[in-house]
Amino acid sequence: MATYIIRRFFLMILTLIGMSILIFVMLRLVPGNISDILFDAAGMVNEADKARLEAELGLDKPIIVQYWTWISGLMTGDLGYAYVSEKPALDEILPRIPVTAKLALLALIFSVLIGVPLGVISAVKQDSILDYSLRVFSLSGLSLPSFWLALLILMAFVHYFGWIPIYTDKPASIWHEIGLLSIPALAVGFRASALIMRLTRSSMLEVLRQDYIRTARAKGASTASVNYNHALRNAVLPVITIIGIEAAFLIGGLIVTETVFNIPGVARFLVEAIRWRDYPIVQNLVMFIAVVTVVVNFLVDMAYVLLDPRIKYDD
Amino acid sequence: MTSTNAATAPAANPKAATPAEGALLTVQDLTTYFFTRQGLVKAVDGVSFELQRGETLAIVGESGCGKSITALSLMRLVPDPPGRILDKSRIVLDGVDVMKLDESAMRKVRGNDISMIFQEPMTSLNPVMTVGDQIAEVLLLHQGMTKAEATAKAVDMLRLVKIPTPEQRVREYPHQLSGGMRQRVMIAIAVACNPKVLIADEPTTALDVTIQAQILDLIVELQKKLGTAVILITHDLGVVAEAAQRVIVMYAGRKVEEASVEDLFGASLHPYTRGLLASIPRLDLIRGAEDTSPGRLQEIPGIVPALHDLPKGCAFAPRCTYADERCKAEYPAYEEKRPGHWAACWKSEIVAGGTNG
Amino acid sequence: MATADHQAELTRAGANINSSWSRFTYYVRRYPLGAAGALIVIAFVVIAIFAPFFATLDPTTTNARTSLAPPGGQHFLGADFMGRDMWSRIVYGARISLMVGIGSTVLGCFFGVIIGLLSGYYGGWLDLITQRFIDIMQALPLLVMALLMAASLGPSLENTIIAISIPIIPHVARVIRSNTLALREMPYVEAAKAVGMSETKIAFRHVLPNTIAPLIVLGTAQLGSAILTEASLSFLGLGVPEPHPSWGRMLSESAAEYVRTAPWLVIFPGIAISLAVFGTNLLGDAVRDILDPRQRS
């Protein structure tokens, strides 16, 4: 067990190192040198200026040195300077994290609260009209782009209330903040809930076919007890694993939803940085996202080991 | 031991509807159909029998003959849809008409008055619950015990089914136990509430040969200790000989023969039963393998007919060496051919005259 | 093998297996949602191919006088800020969506299959390296990966296709690899080895054809997500550039503003995206059910 965790941990570190190389290479070696782009963007014409710019950004050094500068900076919390604001990248990124984290958490809660119960109902009432409607509902969740759903929600607000819920920097209270965030969170969470619902349904159907369900019924347990004490406890295990995939889903949804709702979070900031070709920000933000997804997946794996008594890694 | 059981297939004989005095379980005209895409499947078709207190009744037949569905019907656990127990069926357990109970009253019967051991010990226990919790569950449901009492009783039950170090095992999960141990746990669950009837559906089939005997011995021993009546469902006549007093043979959803174990093994009156008996390996026969064919291990030619597409006459006729035109046209009456020995066969007298095998 | 029990069901139902019509009606009745999905997909493909026939106006012709014209009259789905006809833009948008969707799916599947097949079949250090590489690729959310690719490649139709195909590769490679691992142990592969067939020949002759079914399942599932990713990228201004009429891009240009003033500019392209993806997903589910009985519910 301990060996498994250690091995899994080292794999995670290895993945992150590989990730950092991939991000670095993708941003440096692809056509369109950063200094050229910046050079054009800044409207400079003088070759000397360009050389000065390259030196300033450390782009004249060998690629390995550049990579090392970045990584050692990451370790010490020095992420370099943003091109656009010329402020330390860390100061640009850090304040934007809490709102995105809250939004993501809220969306995850929504997706679980919607997805798991509907998935269970759909499975228990398999092949009924209700099941068919819920399946179409979940499939539509996977098919609606979350930015469009967000726009539709905006439209509904405009139409019925005449105003748009705008996220302000200083919400009056925690409830006010949750209220403001829950609308975009719903737009993101709906799509994620569809995934959870589909998985819960198929996992639940699989479990309901098992022999131990018949055993539970033969004991005289009620349908509710069979469904919830026996079936759901087994069926949620694979659903937990999907939370890792959910993290990726949520981040994708957050990127477009923060843009639509003008929420000053990291996800929207990434898009802005990409548009402005603010590479220190892009590089560090993408790395941050990679760390979050990889760590979430690691934690999910660990949680799974704890929750499923059958799993024992003693290799 | 000998029952005055009487019912004819396919139609129930109204005169036979008087249950014998003191029968623990009376099943009359049990009919379970499956309404499937392929058509109507008559899984159990008008089966009647009685079970006396403390008795072991075996139900034998090949897979697909309806014996497991009979067991599930007694528990009223037939998956619905597609299955349904028809309303004409009567199941009377100790004076209570089980068919008339509503679902919540039926739940109080299951696991308490009548319980069941399944064929697959590997998959019949919930993998994410401890063994103790699974035994305790049935006690909490029916005995009104507290959690602590139920857990303590669970340890006793594990001891009763001869699991070593029960105090430790009670906290373990099914995957930590061997197949034989899991079947012991299943038995512990089944007998925890001291049921009137215990149904054992192929309890040893999935186990190693060496374990099979141990589990069977355990069931026999517990039955004597607890006085439970047992319905033993099996395809293995060796198991029948060892554990049962009376046997019902089923074929294609119907009862084709019923007799005491001695009578059935001594002089069976149905060619299907003869076929089953001939397919048991016997050491004395194997040693004398050079003997002429009647001594050889035989298998019944052909396969069990599809239940949604049964022939008009006797369902066994297509596989039967004795069958003639009448067998193919008309279903044989289920009659008492000898005292306490019933069979549904037009040719039973010829069968009785022939050599066994 | 995979469709064996459908054959049995067809036979039991008394259907003439040789008649493609009865086979067709059987599948339609067995999978009504899948049939609906197929219908939607076919409709989109037809519209995309015959876009000039369906479009009422040129999708790129601007007209200041019809700027933000509401639905009705000449522009029955309205006109955008530049006065371009929405219906015609949506019709031509089907081309872009399907081109990017199918293009990136095929591209991603192609490289995914090669990588998965080689790493699964040969194993060893090659497998170890590709496995780590797949882990790395999958550490990033699909949209982030596509964004990053699109940003570094620059906006163009071809680059969008490439950017979306990249995250598909590890996904396909992983499934094909595990399939190959299972197939490698199959008796007929052993037999081929025994008669001295070369490893590469076995991999492509015996193993590859058996990965077709999971590949079709994966491909149809990926198609919907590729169409969605294109829409998201274009919505963020990093996908298909002007003048191509991309559905996602139609929603991007200050869409939040049009929510108040010209809701038809928001509603119709969104319906087009959702319907196309919905159809592909319905079809994908049915295809999975038909080709992969293990997953059937």
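Student: I tried to follow the overall build of chain A on my own but got confused; where do I start?
Tutor: Of regular secondary structure, chain A possesses 13 helices and zero strands. In chain A, the succession of α and β elements from N to C terminus is α-α-α-α-α-α-α-α-α-α-α-α-α. Sorting the 315 residues of chain A into buried and exposed places 41% on the buried side. Considering only intrachain contacts with a sequence separation of at least 6, the fraction spanning at least 24 residues in chain A is 74%.

Student: Even after reading the chapter, I still don't get the domain arrangement of chain A, so can you show me in this structure?
Tutor: One widely used convention gives an interface's size as the accessible area the parts lose upon coming together. All names here are of chain A. When cut into domains, chain A gives domain 1 (2-90) and domain 2 (95-307). Contacts between the two partners involve 20 residues from domain 1, matched on the other side by 17 residues from domain 2. Among the elements of the structure, helix H1 (2-29) and helix H2 (34-41) are those that each provide at least two residues to the side of domain 1 that touches domain 2. With ten residues, H1 is the single largest residue contributor to the side of domain 1 that touches domain 2. The residue inventory of the side of domain 1 that touches domain 2, partitioned by class, reads 16 nonpolar, three polar and one charged.

Student: Looking at this structure, how should I read the interface of chain C and chain A?
Tutor: Listed as interface residues are 38 residues of chain C and, on the opposing side, 38 residues of chain A. Listing elements by their share of the side of chain C that touches chain A, those giving two or more residues are helix H6 (124-138), helix H7 (142-153), helix H11 (212-235), helix H13 (255-261) and helix H14 (264-291) of chain C. Partitioning the side of chain C that touches chain A into residue classes produces 26 nonpolar, nine polar and three charged.

Student: How do you make sense of unusual backbone geometry when you look at a structure like this?
Tutor: Most peptide bonds adopt trans geometry, and most residues besides glycine take a negative phi value. Of note, Thr165(B) is a non-glycine position whose phi angle comes to about 45 degrees, a positive value. Judged by the 10 C-beta atoms lying within 10 Å of it, Thr165(B) is exposed.

Student: Got a minute to help me understand the pairing of strand E5 (residues 90-93) of chain B in this structure?
Tutor: Working note: regular strand, side chains alternate between the two faces of the sheet. Residues and elements named next belong to chain B. Side chains Ile91 and Leu93 of E5 all project onto a buried face; the interleaved residues Arg90 and Val92 project onto a face where none is buried. Of the pairings in the sheet, the one linking strand E1 (residues 25-36) to E5 comprises four bridges and is antiparallel in character. Looking at the pairing, Gln28 lines up with Arg90 of E5. Relative to strand E6 (residues 96-97), E5 runs antiparallel, the two being bridged by two bridges. The partner of Val92 across the bridge, within E6, is Asp97. Between E5 and E6, which pair antiparallel one after the other, the connecting turn spans two residues, and Asp94 there sits at a positive phi close to 50 degrees.

Student: Is there a simple way to explain H7(C) in this structure?
Tutor: The periodicity of an α-helix, 3.6 residues per turn, causes residues three or four places apart in sequence to face the same way. Residues and elements named next belong to chain C. End to end, H7 covers 16 Å across twelve residues, agreeing with the expected 16 Å (1.5 Å per residue, within 8%). Among the twelve residues of H7, eleven are classified as buried, and the element is accordingly described as predominantly covered. Of the positions making up H7, those classed as buried are Leu142, Leu143, Val144, Met145, Ala146, Leu147, Leu148, Met149, Ala150, Ala151 and Ser152. Just downstream of H7, Gly154 is the residue with a positive phi angle, here 90 degrees.

Student: Looking at this structure, how should I read the interface of chain B and chain A?
Tutor: In this assembly, 24 residues from chain B lie in contact with 18 residues from chain A. Going through the elements one at a time, helix H2 (103-109), strand E7 (114-117) and helix H3 (131-142) of chain B are the ones with two or more residues in the side of chain B that touches chain A. Per-element tally for the side of chain B that touches chain A: the top contributor is H3(B), with four residues. Among the residues making up the side of chain B that touches chain A, the classes are represented as eleven nonpolar, eight polar and five charged.

Student: Even after reading the chapter, I still don't get the sheet that holds strand E11 (residues 254-260) of chain B, so can you show me in this structure?
Tutor: Think of a sheet as strands paired side by side through backbone hydrogen bonds, with each pair either parallel or antiparallel. Residues and elements named next belong to chain B. One open sheet holds the eight strands; their spatial order is E7-E8-E9-E3-E10-E11-E13-E12, and the pairing between them is mixed. One side of each edge strand has no neighbouring strand; the edge strands of this open sheet are E7 and strand E12 (334-338). Neighbour to neighbour, the strand axes of the sheet diverge by 20 degrees on average, direction disregarded. Where strand E8 (residues 197-201) and strand E9 (residues 229-234) come together, five bridges link them in parallel fashion. The partner of Asp201 across the bridge, within E9, is Ile233.

Student: Could you clarify how one ought to interpret the packing of helix H7 (residues 129-143) of chain A against H14(C) in this entry?
Tutor: Between two packed helices, both the angle of their axes relative to each other and the distance between the axes serve to describe the pair. Orientation of H7(A) relative to H14(C), taken along the N-to-C sense of each, is 125 degrees, at an axis distance of 8 Å. It follows from the interaxial angle that H7(A) and H14(C) lie oblique. As H7(A) packs across H14(C), the resulting crossing turns out to be right-handed. Of the residues in H14(C), those in contact with Leu139(A), Ser140(A), Leu142(A) and Ser143(A) of H7(A) are Ser274(C), Val277(C), Phe278(C), Asn281(C) and Leu282(C). Looking at the contact of H7(A) with H14(C), its residues break down into five nonpolar, four polar and no charged.

Rules of the game
- Residues numbered from 1 in each chain as written.
- Chains lettered and ligands numbered in written order.
- Predicted model: local features only at pLDDT ≥ 70, side-chain atom pairs only at ≥ 80, totals over all residues.
- Helix = DSSP H or I, 4+ residues; strand = E, 2+ residues; numbered from the N terminus.
- Buried ≥ 20, exposed ≤ 12 C-beta atoms within 10 Å, placed from the backbone.
- Contact = placed C-beta atoms within 7 Å.
- Domains from an automatic or database assignment.
- Nonpolar A, V, L, I, M, F, W, Y, C, P; charged D, E, K, R; others polar.
- Pairing = 2+ DSSP bridges.
- Expected span 1.5 Å × (residues − 1).
- Axes fitted to C-alpha atoms, helices over the stretch in contact; angles between N-to-C directions.
- Parallel < 35°, antiparallel > 145°, perpendicular 65-115°, else oblique.
- Left-handed = near helix turned anticlockwise from the far one by under 90°.

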